[in-house]
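Chains, contacts and geometry: an overview
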Amino acid sequence: MSRSATLSLQPSLLSVVDNNRLRLFSGSANTTLAQEVARYLGIDLGPMVRKRFADGELYVQIQESIRGCDVYLIQPVCNPVNDHLVELLIMIDACRRASARQITAVLPYYGYARADRKTAGRESIAAKLVANLVTEAGANRVLAMDLHSAQIQGYFDIPFDHVYGSPVLLDYIASKKLSDIVVVSPDVGGVARARAFAKKLNDAPLAIIDKRRQAHNVAEVLNVIGDVRGKTAVLVDDMIDTGGTITEGARLLRKEGARQVYACATHAIFSPPAVERLSSGVFEEVIVTNTIPLPSDRQFDQLTVLSVANVLGETIWRIHEDSSVSSMFR
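The structure reproduced in this document is the subject of the present report. (Residues numbered from 1 in each chain as written. Predicted model: local features only at pLDDT ≥ 70, side-chain atom pairs only at ≥ 80, totals over all residues. Heavy atoms only, no water.)

**Brief notes about the nonpolar core**
Soluble globular proteins tend to pack their nonpolar side chains together in the buried interior. To keep things clear, this is the line we draw: Take the buried Ala, Val, Leu, Ile, Met, Phe, Trp, Tyr and Cys residues and link them wherever side-chain atoms come within 4.5 Å; each set so joined is a nonpolar core. Each residue is assigned to one of three classes by its accessible area relative to the maximum for its type, calculated with a 1.4 Å probe on protein chains only: buried under 20%, partly exposed between the two thresholds, exposed over 50%. Any pair of residues with heavy atoms lying within 4.5 Å of one another is described as a contacting pair.
By size, the foremost hydrophobic cluster in this structure holds 44 residues, and its most contacted members are L24, V37, L41, V183, F197, L312 and I316. In contact with V37, not counting residues within four places along its chain, are L24, I74, A309, L312, G313 and I316. One finds M48, V77, M91 and F160 within the second-largest nonpolar core, a separate group that totals 36 residues.

Below is the structure:
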């Protein structure tokens, strides 16, 4: 069964937010999260019409004047990825043509982030293409959470704010008062993320799973670097897609003597057969956030869903007030 929780932030001076200038709109990808962000800010989501023509084309119309306003558009680029991406671009274009003063694309999940470089000949760098599309559509700023690769920020020539779901996950893990924690990176590429996570957990020890990927969504787990025997292992990643890598990693950790295994990830993509793998009994708990909506058929008993609405809401307020965003994570 999924549960919800929120990160406790220092209360901001939300009463001084200029509601006549700050406008918040939501695409269709995650309206529940957008409504939570709006509640945190003490404002309402702006009215907008979305519909499809008979051939599938999307139509968007902003239903109030936003001339001279700072507009924030919340739209994770999640499944169906292409529809939600095009909807975001049309929303940006509609706001630009409505004379918004500044348009910020709020991407709780940045789709196509895994295609961030060329690993073979004749490949597209789709993460850069998405950056070009968002910029050319008319966005003046981008706010994204837990990018798959931090260098994606450099694909943009407009201001980019990168925030993290880790404070929400850390707060929840700390509340469980687990003993003998070892933070585990599921691959070498996630070591920096796992190390930062471990540092916030009272400098917990770090372990790394050595793996070699044979194809997309297929990984061969080899061995564990570090001591996990008799400890509570917390596997940390930015996303869980099919669940193959993190589940095989959990099995290996148990084989190496880990007493308990928890999984933590910001983005719960959960493409089939993720639910079957994650609910197979190898995890005590799978802890994710609500950057991507999870329908009932993708939920299971070991799943815990935490809300990042406060993090996004606080970040939006700080951007609007020209305050520091990075100080939220120090």
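This is not the end of the story, as more comes after the structure.
**Quick word on the packing of helix α2 (residues 81–97) against helix α3 (residues 126–137)**
Rule in force here: Axes, fitted as lines to C-alpha atoms, cover a helix only where it is in contact. Angles between the N-to-C directions of the axes lie from 0 to 180 degrees. Segments assigned H or I by DSSP are reported as helices when at least four residues long, segments assigned E as strands when at least two residues long, and all are numbered from the N terminus. Each angle gets one of four labels, with under 35 degrees taken as roughly parallel, over 145 as roughly antiparallel, 65 to 115 as roughly perpendicular, and the rest as oblique. The classification used treats Ala, Val, Leu, Ile, Met, Phe, Trp, Tyr, Cys and Pro as nonpolar, Asp, Glu, Lys and Arg as charged, and all other residues, Gly among them, as polar.
One way to put it is that α2 packs onto α3 with a least axis distance of 8 Å and a crossing angle of 25°. By the criterion of interaxial angle, the relationship of α2 to α3 is roughly parallel. Contact residues: L85, L88, L89, I92, D93 and R96 in α2; V130, L133, V134 and A137 in α3. Taken together, the residues that form the contact of α2 with α3 break down as eight nonpolar, no polar and two charged.

**Observations concerning the sheet that holds strand β6 (residues 141–145)**
In any sheet, the strands associate via hydrogen bonds between backbone groups, in a parallel or an antiparallel arrangement. Let me state the cut-off plainly: Here, any two strands with at least 2 DSSP bridges between them count as paired.
Taken in spatial order, the five strands line up as β1-β4-β5-β6-β7 in an open sheet, and their pairing is parallel. If you trace the sheet from one side to the other, it starts and ends with β1 (22–26) and β7 (160–163), each paired once. The average undirected angle you get between the axes of adjacent strands in this sheet is 20°. Note: β1 against strand β4 (residues 70–74), five bridges, orientation parallel.

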